[in-house]
Amino acid sequence: FLKAFDYSPWSGHLYKLDVGWPKVPEYFTGQPVSVAVDSLRGLVYVTQRGDNIPKVLVFSEEGYFLYSWNDTVEIPHGIFVLSNATDSSVWITDVGTGKYGHTLKKYSPSGKLLQIVGTPGNAGSSLYPLQFDQPAEIFVEESGDSYVVDGDGGINNRLLKLTEDYKEMWLRGPKGTGTGEFRIPHSVTVDSFGRVWVADRDNKRIQVFDKDTGEWLGTWSSCFEEDGPSSVRFTPDNKYLIVAQLNTSRLSILAAPHVGVIGKCVIVDTIQLADETKPHLVDVDMKSGAIYVAEIGAQQVQKYVPL
């Protein structure tokens, strides 16, 4: 409680810190790296890194610890929850180099491993069979189509759209500074207008693509001259884009464009965290609009609620 309060008791004009989340911060025994919200069921999943600790912690939206699991996660990076009225699944990207690494994994909410996508333990760039090298994050649509940013420091710097049976639909990359090229594509999300937004971290920009064709639609770079974006998520109304900036320990709230021209990057508000807090990946509750931030420097997850 004291750590959370000291870091950011007031967050600006649009959000404020929920100093009572979680109820018992001591459950963070490792380094939290990502967070995902099941808005329908009121669950918050947190991945953390470390030896001999649970890699996945599950909390209620009120902040109560519920349970944890660990079995087949080596070094987690990104996490995503796909949830509907009848079912939910939890997706984790694993950047480990052991027998479970370089893969995307699909779990049940209780932690049962349902599917592995990629070639466990073998980094690569192949599409047949599918291989990854330190995949950073995945976004899965209701249709089963998914978007993967593959390249948290490995040989790949690419964005892939995969079908429900994990065949390539289109691919953008490779490493570079040109249009459609990436240097550490770190986070990916899709808006309600059919656009894919990628945090191109080391290029200090966000790139936007058409989700059906992969066509490049635009780039935002003017907001990130000081530090590149490490995470991207939309608010429930698609009015704002929440962007984490790792090295400056900042959350930027950007005005999201409607259908049509991407336009220029506009910062509406910021949440400045304490030095070395290092927000890595974030998620937004699609019901309440709350922002959850996995902070690898502060070794905690914080919750910000809309005013």
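Now for a look at the structure at hand. Keep in mind the model is a prediction, meaning the values are calculated, not measured. (Residues numbered from 1 in each chain as written. Predicted model: local features only at pLDDT ≥ 70, side-chain atom pairs only at ≥ 80, totals over all residues. Heavy atoms only, no water.)

## Section: the layout of surface pockets
Filter applied, for reference: Within this scheme a cavity is a closed region of a 1 Å grid, computed over the protein atoms alone, that accommodates a 1.4 Å probe without allowing it to escape, whereas a pocket is open but has protein on both sides within 12 Å along at least five of seven lines; lining residues each have an atom within 4 Å of a point. Grid points are joined across faces, edges and corners, and a volume is the space filled by probe spheres set on the points. Numbered from the N terminus, helices here are DSSP runs of H or I no shorter than four residues, and strands are runs of E no shorter than two. We call Asp, Glu, Lys and Arg charged. Ala, Val, Leu, Ile, Met, Phe, Trp, Tyr, Cys and Pro are nonpolar, and the rest, Gly among them, are polar.
The volume enclosed by the largest pocket comes to roughly 600 Å³. Lining the largest pocket are 26 residues; nearest its centre among them are F80, V81, F139, V140 and M286. Of all elements in the fold, only β2 (31-38), β6 (76-83), β10 (135-140), β14 (185-190), β18 (231-234) and β22 (279-284) reach the threshold of two or more residues within the lining of the largest pocket. Per element, the largest residue contribution to the lining of the largest pocket is four residues, and it comes from β6. In terms of residue class, the lining of the largest pocket is built from 13 nonpolar, five polar and eight charged.

## Some details on the nonpolar core
Cut-off, in case you're wondering: Buried residues of nine kinds, namely Ala, Val, Leu, Ile, Met, Phe, Trp, Tyr and Cys, make up a nonpolar core once their side-chain atoms join them within 4.5 Å. For every residue, the accessible area (1.4 Å probe, protein chains only) is compared with the maximum for its type, and the residue is labelled buried under 20%, exposed over 50%, or partly exposed between those bounds. Whether two residues are in contact is decided by their heavy atoms, any of which lying within 4.5 Å being enough.
Formed by 25 residues in total, the largest nonpolar core has its most connected members in W91, Y147, L159, V188, V196 and V198. Looking at this core, the elements that each hand over two or more residues are β6, β10, β11 (146-150), β12 (158-162), β14 and β15 (195-200). Ranked by residues supplied to this core, first place goes to β10 with four residues. Residues within four places of V188 in sequence aside, it is in contact with E137, I138, F139, Y147, V149, L159, V196, W197, V198, V232 and R233.

## A few points about the environment of L159
By the element assignment, L159 lies in strand β12. Judged by its relative accessible area of 0%, L159 falls in the buried class. Here the alpha-carbon distance between L159 and V232, two residues 73 residues apart in the chain, equals 14 Å. Once residues lying within four places of it in the same chain are set aside, the contact partners of L159 are Y147, V148, V149, W170, L171, R172, F182, V188, V196, V198 and F209.

## Considering the pattern of salt bridges
Quick reminder of the rule: Here, a salt bridge means any side-chain nitrogen of Lys or Arg that lies within 4 Å of a carboxyl oxygen of Asp or Glu.
A full pass over the atoms with the stated rule returns 13 salt bridges. Its salt-bridge partner being R158, residue D150 comes within 2.9 Å of it at the nearest N-O pair. Like D150, the residue R158 is buried in the burial classification. The partner of D200 in a salt bridge is R205, with the nearest N and O atoms 2.7 Å apart. The exposure classification of D200 matches that of R205, with both residues buried. Via salt bridges that share partners, E137, R233 and D283 belong to a single interconnected network.

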